[in-house]
Amino acid sequence: THYCLHDATVACVIAAISPQCDWERNLIMADDILAERPVSIGGIQKNISKATALRHETDTLHLSAPERMMRHFKSGPKVTSFAANLAGNDDMVTVDTHALQAALADPKSTYSLKWNSYTVFAECYAIAGKRVNLRPATFQAIIWHVWKRLYPVARKRVMRKQWEVIGEF
């Protein structure tokens, strides 16, 4: 309500900026776009452009956050799911690089998933969450936070460099 915009619009703008962007920077850029100010810090221009377009769309307001995201990120299941989660849908699971690494138990993994593979990982998180009586998004978020604490980005970079030396990565 701060921007007089629908929650789905705000969720879409934040999610659109999210790839390869840490949370603090994401929020600053999203705030700039939502308030219709020039973006005050650097980010991936393609994502900023998509976020700005989502901010100004009026013909898709009847669509859910995932439906709106599919129009801009046709091959981006992560941002689509993330927008849904931010808009309050706890049944979808956001599988970003960290969630994928946790599922694979491999902090060096850098795979990116297309829809078919993404759906398999998301479904596994959903099933595991149900087994411990947690909503799928809640379960995934808990795993994500634990994984990020166990394997901060700087630690993963060091691990990758160690494997590069012996030709394993």
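Engineer: Could you clarify how one ought to interpret the nonpolar core in this entry?
Structural biologist: Nonpolar side chains tend toward joint burial in soluble globular proteins. Core analysis: the largest hydrophobic core is formed by 23 residues, its most contacted members being Val13, Ile17 and Met69. Breaking this core down by element, the ones donating at least two residues are α1 (7-17), α2 (23-34), α3 (45-56), α4 (65-72) and α5 (77-86). For this core, the leading source of residues is α1, giving eight residues. Leave out the neighbours within four places in its chain, and Met69 touches Cys12, Ala15, Ala16, Leu54, Val79, Thr80 and Ala83. Counting 14 residues, the second-largest nonpolar core is a separate cluster that includes Leu113, Ala122, Tyr125 and Met159.

Engineer: What is the right way to look at the layout of surface pockets in this model?
Structural biologist: To find leftover empty space, a probe the size of one water molecule is rolled over the atoms. Space inside the largest pocket adds up to approximately 1,500 Å³. Lining the largest pocket are 44 residues, and of these Ser18, Gln20, Lys78, Asp96 and Thr97 sit closest to its centre. Secondary structure elements with two or more residues in the lining of the largest pocket: α2, α3, α5, α6 (97-104), α8 (136-150) and α9 (153-165). Looking at the lining of the largest pocket residue by residue, the classes come out as 18 nonpolar, 15 polar and 11 charged. Roughly 160 Å³ of internal volume is contained in the second largest pocket. Forming the walls of the second largest pocket are Ser81, Asp91, Met92, Val93, Trp115, Tyr118, Thr119, Ala122, Glu123, Ala126, Lys130 and Pro136. The leading source of residues in the lining of the second largest pocket is helix α7 (residues 115-131), at seven residues. When its residues are assigned to classes, the lining of the second largest pocket shows seven nonpolar, two polar and three charged.

Engineer: Explain the packing of aromatic side chains to me, please; I cannot follow it from the model alone.
Structural biologist: For any pair of aromatic rings, the description consists of the separation of the ring centres together with the inter-plane angle of the planes. Counted by the stated rule, this structure contains four aromatic pairs. Seen in terms of ring centroids, Trp115 and Tyr118 are 6.1 Å apart; in terms of plane orientation they differ by 65°. Their pairing is edge-to-face. Remark: Tyr118 and Trp115 occur in helix α7; sequence separation between them is three residues, near one turn of the helix. For Trp115, a relative accessible area of 27% translates into the label partly exposed. Exposure remark for Tyr118: the relative accessible area of 3% places this residue in the buried category. Between Trp147 and Tyr151, the ring centres sit 4.4 Å apart and the planes meet at 40°, which makes this aromatic pair tilted. The pair formed by Trp147 and Tyr151 is uniform in burial state, with each residue classed as buried. We note Lys50 situated over the ring of Phe73; from NZ or CZ to the ring centre the distance is 4.3 Å.

Thresholds applied
- Here the residue numbering is sequential within each chain, running from 1 through the sequence in written order.
- Where local features are concerned, this predicted model is filtered to residues with pLDDT of at least 70; where side-chain atom pairs are given and counted, the filter is 80 or more; whole-chain, interface and lining totals use all residues.
- To obtain the side-chain values, all non-hydrogen atoms of the structure were included, while hydrogens and water were left out.
- Side-chain atoms within 4.5 Å link the members of a nonpolar core, which is a set of buried Ala, Val, Leu, Ile, Met, Phe, Trp, Tyr and Cys residues.
- The buried label goes to any residue with under 20% of its type's maximum accessible area, the exposed label to any with over 50%, and the partly exposed label to all in between, with areas taken from a 1.4 Å probe on protein chains only.
- Numbering of helices and strands runs from the N terminus; a helix is a DSSP stretch of H or I covering at least four residues, while a strand is a stretch of E covering at least two.
- Contact between two residues is taken to exist if any of their heavy atoms lie within 4.5 Å; hydrogens are not considered.
- Only protein atoms enter the 1 Å grid, on which a cavity is a set of points fitting a 1.4 Å probe that cannot get out and a pocket is an open set with protein on both sides within 12 Å along at least 5 of 7 lines, lining residues being those with an atom within 4 Å of a point.
- Grid points are joined across faces, edges and corners, and a volume is the space filled by probe spheres set on the points.
- All residues other than Ala, Val, Leu, Ile, Met, Phe, Trp, Tyr, Cys, Pro, Asp, Glu, Lys and Arg, Gly among them, are scored as polar; the first ten of these are nonpolar and the last four charged.
- Planes of paired rings set the category: under 30 degrees apart is stacked, over 60 is edge-to-face and the rest tilted, where pairs are Phe, Tyr or Trp rings (Trp by its six-membered ring) whose centres lie within 6.5 Å.
- Only lysine NZ and arginine CZ atoms are considered, and such an atom sits over a ring when it is within 6 Å of the ring centre and within 35 degrees of the ring normal.

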